[in-house]
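Below are the chains, spelled out letter by letter.
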Amino acid sequence: MRKHIPILDYLNEIGAKELNYKQRKIIAVDGDGKKITTIHLAKSVSSNFRVSDILKKDQNEGDICYHILESEEDQSIWLYPLTLGVLIKL
């Protein structure tokens, strides 16, 4: 399982050129329209989420930033929020 992949890095990695948001899912499509990746929104993502929220490049401490979690079990991909600058102890 891959953890804490910043969303913009992930979108670059998969070559996403177009994003569609519908029913708590983001559909990322590459430039050729051949590779489609479905990213599910975790329950912790706010109900007033907008796709433009994930495209912010300049963020400050305390801002919400979005990361990807890839599940090895069922190959699903999840988007979840983290607060920038907050230490997470495991």
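Above: the structure in question.
This one's a predicted model, so the numbers in the text were calculated from it and none came from an experiment.

Draft legend 1. Up close: the side chain of His67. Structurally, His67 can be placed in strand β5 (residues 64-70). By relative accessible area, which is 11% here, His67 ends up buried. Setting aside its immediate chain neighbours within four residues, His67 contacts His4, Ile5, Pro6, Ile7, Trp78, Leu79, Tyr80 and Leu82.

Draft legend 2. Focus on the pairing of strand β3 (residues 25-30). Looking at chain direction, strand β2 (residues 16-22) and β3 are connected through six bridges and run antiparallel. By the bridge assignment, Leu19 is partnered in β3 with Ala28. The turn joining β2 and β3, which pair antiparallel and follow one another in sequence, is formed by two residues; a positive phi near 50° is taken by Gln23. Sheet topology note: the β3/strand β4 (residues 36-41) ladder contains five bridges and is antiparallel. Bridge pairing in β4 links Val29 to Ile36. The turn linking β3 back onto β4 is made up of five residues, and Gly33 within it adopts a positive phi angle of 75°.

Thresholds, definitions, all that
Residues numbered from 1 in each chain as written. Predicted model: local features only at pLDDT ≥ 70, side-chain atom pairs only at ≥ 80, totals over all residues. Heavy atoms only, no water. Helix = DSSP H or I, 4+ residues; strand = E, 2+ residues; numbered from the N terminus. Buried < 20%, exposed > 50% of the residue type's maximum accessible area, 1.4 Å probe, protein only. Contact = heavy atoms within 4.5 Å. Pairing = 2+ DSSP bridges.

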